[in-house]
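A look at the structure
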Amino acid sequence: MLTLHDVSVQYGDREVVHGVDWAVGGNALVTALLGPSGCGKSTLLRAIAGLEPVAGGIVAFDGVDLARTPVHRRDFGVVFQDGQLFPGRTVGQNIAYGLSRRGIGRDEAAARVGELLDLVQLPGTANRRVTELSGGQAQRVALARALAPRPRLMLLDEPLAALDRRLRDDLAVAISEIVKTSGTPTVVVTHDHGEAALMADEVSVMNDGVIVDTAPPQRLWRRPADEWVARFLGAAAVVDGTVSDARLQTPVGDVALDGDLADLAQGPCRVTLRPDAVVVAPDAVSKAEVVRVRPMVGSWHVWVRLPDGSSVEAVAHHRVDVGQRVAMTPMAERIGVIGL
Ligand SMILES: Nc1ncnc2c1ncn2[C@@H]1O[C@H](COP(=O)(O)OP(=O)(O)OP(=O)(O)O)[C@@H](O)[C@H]1O
């Protein structure tokens, strides 16, 4: 297990990672490090890999401080955004690279290359030139190369960032399954919360050099630590609510408490609403009014002014117009709560 204690990283005089405490590889096999651009995710990952010196604190693996362990002795597999394959070598030579450096013989290396090409679903491609691969195939080969020496930890830095959207979702799931099949604890850095939810068993959210929340994806969305986390994860509105008698009362309606909200204590709280957590339909006697509409594919994204003057975003499954009165139905499983 990887543990960080009070880790800080500086560039010159500027500290960009501030005293991070973190544990990876305990309950979860795949952990996402999620945060906005520039918050320090890559810097922290590079410090874990040994590519960046720590200014303070301890990075340890299975209780052993890695301060004196150079990059190549850490036994960590690293994959970057653009894979960084060796262009003059074949797929097989790229994957075998770390094996010959560890003194593994030709036959054993060839067998391991074959195993890994099966794992990343590129069987029979060992003799292809890496320059002939698509972006998605190249990232699978980079993953295979990093996994080949059986690292004790995988560090993936935005491995999908250079790929187009549809390929990203497919490969996100594939990468997560590949590292799980290999049984290797993995940290994946991403700024995309959808990608984090697709890939990870546990998500740590980073903001401004600090880890501010850690939870399994479903719980993270439903019980964010604070309003910043909620908004970063897609909440369009954060409104006042009250828990009483196993129900949550909100300005957009009441819901029964279940799943990750089942253990909420009674009392006032803040309720986080993603646009898809509220569905609206025309209702002439309602006091909520549509103030803006944007068409989506098969639905409408709607901004609604509530009687108290505040506004929420919602989804309409049938066309509504600006000025129309609408009734709101909260989708219980998409609502989050801060506090309590
Ligand atoms: N080599 C460097 N020298 C000086 N400053 C750096 C260096 N690398 C990163 N920084 C700065 O450190 C901060 C954190 O950068 P980092 O790349 O770790 O963030 P990030 O969360 O991974 O963002 P992104 O997703 O955009 O890569 C940023 O302000 C960045 O400009």
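Residues numbered from 1 in each chain as written. Predicted model: local features only at pLDDT ≥ 70, side-chain atom pairs only at ≥ 80, totals over all residues.

The next point concerns the environment of His317. Structurally, His317 can be placed in the loop between strand 18 (311-316) and strand 19 (326-330). Along the backbone, His317 and Met296 are 21 residues apart, and their C-alpha atoms lie at a distance of 9.9 Å. Not counting the four nearest positions on each side in its chain, His317 is found in contact with Val279 and Ser299. (Helix = DSSP H or I, 4+ residues; strand = E, 2+ residues; numbered from the N terminus. Contact = placed C-beta atoms within 7 Å.)

Moving on to the site of the ligand. Lining the immediate surroundings of the ligand are Tyr11, Val16, Gly35, Ser37, Gly38, Cys39, Gly40, Lys41, Ser42, Thr43 and His191. When residues of the shell around the ligand are assigned to their parent elements, the largest contribution, three residues, is made by helix 1 (residues 41-49). (Near = placed C-beta within 6 Å.)

What follows covers the sheet that holds strand 16 (residues 289-295). The strands making up a sheet associate through hydrogen bonds between their backbones, and the pairing can be parallel or antiparallel. Reading across the sheet, the five strands line up as 16-17-18-15-19 and stay open at both edges, with mixed pairing between neighbours. Since the sheet does not close on itself, it has two edges, and those belong to strand 16 and strand 19, each with one partner. Strand-to-strand twist of the sheet, defined as the mean angle between neighbouring strand axes without regard to direction, takes the value 40°. Pairing geometry for strand 17 (residues 300-305) and strand 18, over six bridges, is antiparallel. Considered in strand 18, the bridge of His301 is made with Val315. (Pairing = 2+ DSSP bridges. Axes fitted to C-alpha atoms, helices over the stretch in contact; angles between N-to-C directions.)

Take the packing of helix 2 (residues 91-100) against helix 3 (residues 106-119) next. As a packed pair, helix 2 and helix 3 sit with axes 9 Å apart at the nearest point and diverge in direction by 125°. In terms of orientation, helix 2 lies oblique with respect to helix 3. Here helix 2 runs over helix 3; the crossing is right-handed. Contact residues: helix 2 offers Gly92, Ile95, Ala96, Leu99 and Ser100, while helix 3 offers Ala109, Arg112, Val113 and Leu116. Of the residues contributing to the contact of helix 2 with helix 3, the split by class is six nonpolar, two polar and one charged. (Parallel < 35°, antiparallel > 145°, perpendicular 65-115°, else oblique. Left-handed = near helix turned anticlockwise from the far one by under 90°. Nonpolar A, V, L, I, M, F, W, Y, C, P; charged D, E, K, R; others polar.)

Before going further, it helps to spend a moment on the UniProt feature "domain: ABC transporter" (unreviewed entry) in the protein chain. Taken from the UniProt record, the annotation "domain: ABC transporter" (unreviewed entry) applies to residues 2-233. Between the C-alpha atoms that bound residues 2-233 there is a distance of 26 Å. The span itself is 36% helix and 26% strand. (UniProt positions renumbered as here; feature names shortened; annotations may be inferred.)

The next thing to look at is the domain arrangement of the protein chain. Each domain of the protein chain was delimited in the assignment, giving domain 1 (2-222) and domain 2 (230-338). For domain 1 versus domain 2, the distance between C-alpha centres works out to 37 Å. Taken together, the eight residues of domain 1 in the interface contact seven residues of domain 2. Looking at which element gives the most residues to the side of domain 1 that touches domain 2, the answer is helix 7 (residues 217-222), with five residues. Looking at the side of domain 1 that touches domain 2 residue by residue, the class counts come to four nonpolar, two polar and two charged. (Domains from an automatic or database assignment.)

It is worth spelling out the sheet that holds strand 5 (residues 64-65) at this point. Reading across the sheet, the four strands line up as 2-1-4-5 and stay open at both edges, with antiparallel pairing between neighbours. Edge positions in the sheet fall to strand 2 (14-24) and strand 5, since each of these pairs with one other strand and no more. Sheet topology note: the strand 4 (residues 56-61)/strand 5 ladder contains two bridges and is antiparallel. Across the sheet, residue Ala60 finds its bridge partner in strand 5, namely Asp65.

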